[in-house]
Amino acid sequence: MTAEFAVAVPAVLLVLAVCLGGLRLGTERLRLFDAAVLSARLAAVGESPEPPAAAVGATVAERSRSRETVCVVLRREVAVLAVPIPIAATACALAGISP
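Figured I'd write up the structure that's included with this text. (Residues numbered from 1 in each chain as written. Predicted model: local features only at pLDDT ≥ 70, side-chain atom pairs only at ≥ 80, totals over all residues. Heavy atoms only, no water.)

The pairing of strand S2 (residues 69–80) with strand S3 (residues 83–94) spans 12 bridges and is classified as antiparallel. Across the sheet, residue Leu-74 finds its bridge partner in S3, namely Ala-89. Hairpin geometry of S2 and S3 is characterised by an intervening segment of 2 residues between the two adjacent antiparallel strands and by a positive phi of about 55° at Leu-81. (Pairing = 2+ DSSP bridges. Helix = DSSP H or I, 4+ residues; strand = E, 2+ residues; numbered from the N terminus.)

Printed below as a string of structure tokens:
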């Protein structure tokens, strides 16, 4: 019984760590998307999109304007089980409309 327990506990802990890492990745993705939305709104009214990106540790990878639409892409890396995983979020806003 002890040998089976010694094998099962690390396996269960590894599965738990992977699940928690996935949860953290999802949470960071939501935070990044919220920052991208705010960055797009700021860029649409002519302000810098950097402050919301910096607040979540991201960088503005791309900023584009197409007629009335301003789009912003934020990128950052999240470490899950000591493996850096790149994530990105894109958001667009109508230009010239104040929030």
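Leu-32, Ala-58 and Leu-74 are the most contacted members of the largest nonpolar core, which totals 19 residues. If you list the elements that add at least two residues to this core, you get helix H1 (2–44), S2 and S3. Once residues lying within four places of it in the same chain are set aside, the contact partners of Ala-58 are Leu-32, Ala-53, Leu-74, Arg-75 and Arg-76. (Core = buried A, V, L, I, M, F, W, Y, C linked by side-chain atoms within 4.5 Å. Buried < 20%, exposed > 50% of the residue type's maximum accessible area, 1.4 Å probe, protein only. Contact = heavy atoms within 4.5 Å.)

Attention now moves to the sheet that holds strand S1 (residues 59–66). Each strand in a sheet pairs with its neighbour through backbone hydrogen bonds, running either in the same direction (parallel) or in the opposite one (antiparallel). Spatially, 3 strands are ordered S1-S2-S3 in an open sheet, and the strand pairing comes out antiparallel. What marks the edges here is a single partner per strand, and that holds for S1 and S3. Adjacent strand axes in the sheet meet at a mean angle of 20° when their direction is disregarded. Sheet strands touched by H1: S1, S2 and S3. Its angle to S3, the strand with the most contacts, is close to 30°. (Axes fitted to C-alpha atoms, helices over the stretch in contact; angles between N-to-C directions.)

Here H1 is 43 residues long and its end C-alpha atoms lie 63 Å apart, about the 63 Å a rise of 1.5 Å per residue gives. Of the residues flanking the end of H1, it is Gly-46, one or two places downstream, whose phi is positive at about 90°. (Expected span 1.5 Å × (residues − 1).)

What follows deals with the state of the cysteines. Counting across every chain of the model gives 1 disulfide. Shown here is the disulfide that connects Cys-71 with Cys-92, its sulfur atoms set 2.0 Å apart. With the S-S bond torsion at 105°, the cross-link from Cys-71 to Cys-92 turns out right-handed. Within this pair, whereas Cys-71 is found in strand S2, its partner Cys-92 is found in strand S3, the two being separated by 21 residues in sequence. The class for Cys-71 is buried, based on a relative accessible area of 18%. (Disulfide = S-S within 2.5 Å.)

Function-wise, these values are silent; they only describe arrangement.
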